[in-house]
Amino acid sequence: MNLHPRTRRIAFILGALLVVVAVAFGAVMIVLVRAAPPAEPTITAYSYGRADTVPPLRYCSIDLTACSTGATVDLEVPAGQPLQLSLPDAIAAAPWHLITVHQRADGTVVTTDRQYRTGEATAVTVESSRDLQLNGVEIQLPSAAVDRAGLPIARAVWSIKTA
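The rules behind each value
Residues numbered from 1 in each chain as written. Predicted model: local features only at pLDDT ≥ 70, side-chain atom pairs only at ≥ 80, totals over all residues. Heavy atoms only, no water. Helix = DSSP H or I, 4+ residues; strand = E, 2+ residues; numbered from the N terminus. Buried < 20%, exposed > 50% of the residue type's maximum accessible area, 1.4 Å probe, protein only. Pairing = 2+ DSSP bridges. Axes fitted to C-alpha atoms, helices over the stretch in contact; angles between N-to-C directions.

Undergrad: Explain unusual backbone geometry residue by residue, including any values.
TA: Phi is mostly negative for residues that are not glycine, and the peptide bonds are mostly trans. The phi dihedral of Tyr 48 is positive, around 50 degrees, even though this residue is not glycine. One non-glycine residue, Leu 64, adopts positive backbone phi at about 65 degrees. Among the structural elements, Leu 64 can be located in the loop between β3 (58-60) and β4 (67-69). On the basis of relative accessible area, Leu 64 is assigned to the partly exposed category, the value being 22%.

Printed below as a string of structure tokens:
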């Protein structure tokens, strides 16, 4: 097919313009993606055939100057069933705490606090029984700040109500 020289010139200019627009669009997208704040890490909680994504109840910068808040996630964990938690690297690659709240058949509440070292676990299973029902769990990332008792203040908290 033989095109007129003017038609070829117009096609070339349009093609070059299209390439410039595509490159500019790609450059703008790269700048926008790099400038976007990182997404807050989420935990995956699984029990009795149901999985939920758990966003942070509270998430602050390391110096506690910028914070966002969310809500506690409800995930039913029947008596005797375990709760399985899968943590992203943003949590597992730091020291973190797992606080569990169980209730005995007589109504007594039992709270435990387990501290995990950096990289120690990316998944945990929280057991329960008919005699020791799981009521809820909290995962906490400590900050550099401490309270009056000298304990680290949590900069991030994920909360799951199970009963």
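Undergrad: Can you break down the sheet that holds strand β2 (residues 50-54) residue by residue, with the values?
TA: The strand order across the open sheet built from four strands is β2-β1-β6-β9, with neighbouring strands paired in antiparallel fashion. The sheet is open, and its two edges are formed by β2 and β9 (123-126), each paired on a single side. The sheet shows a mean angle of 20 degrees between the axes of neighbouring strands, direction not considered. Taken together, the five bridges between strand β1 (residues 43-47) and β2 define a ladder with antiparallel strand orientation. Across the sheet, residue Ile 43 finds its bridge partner in β2, namely Val 54.

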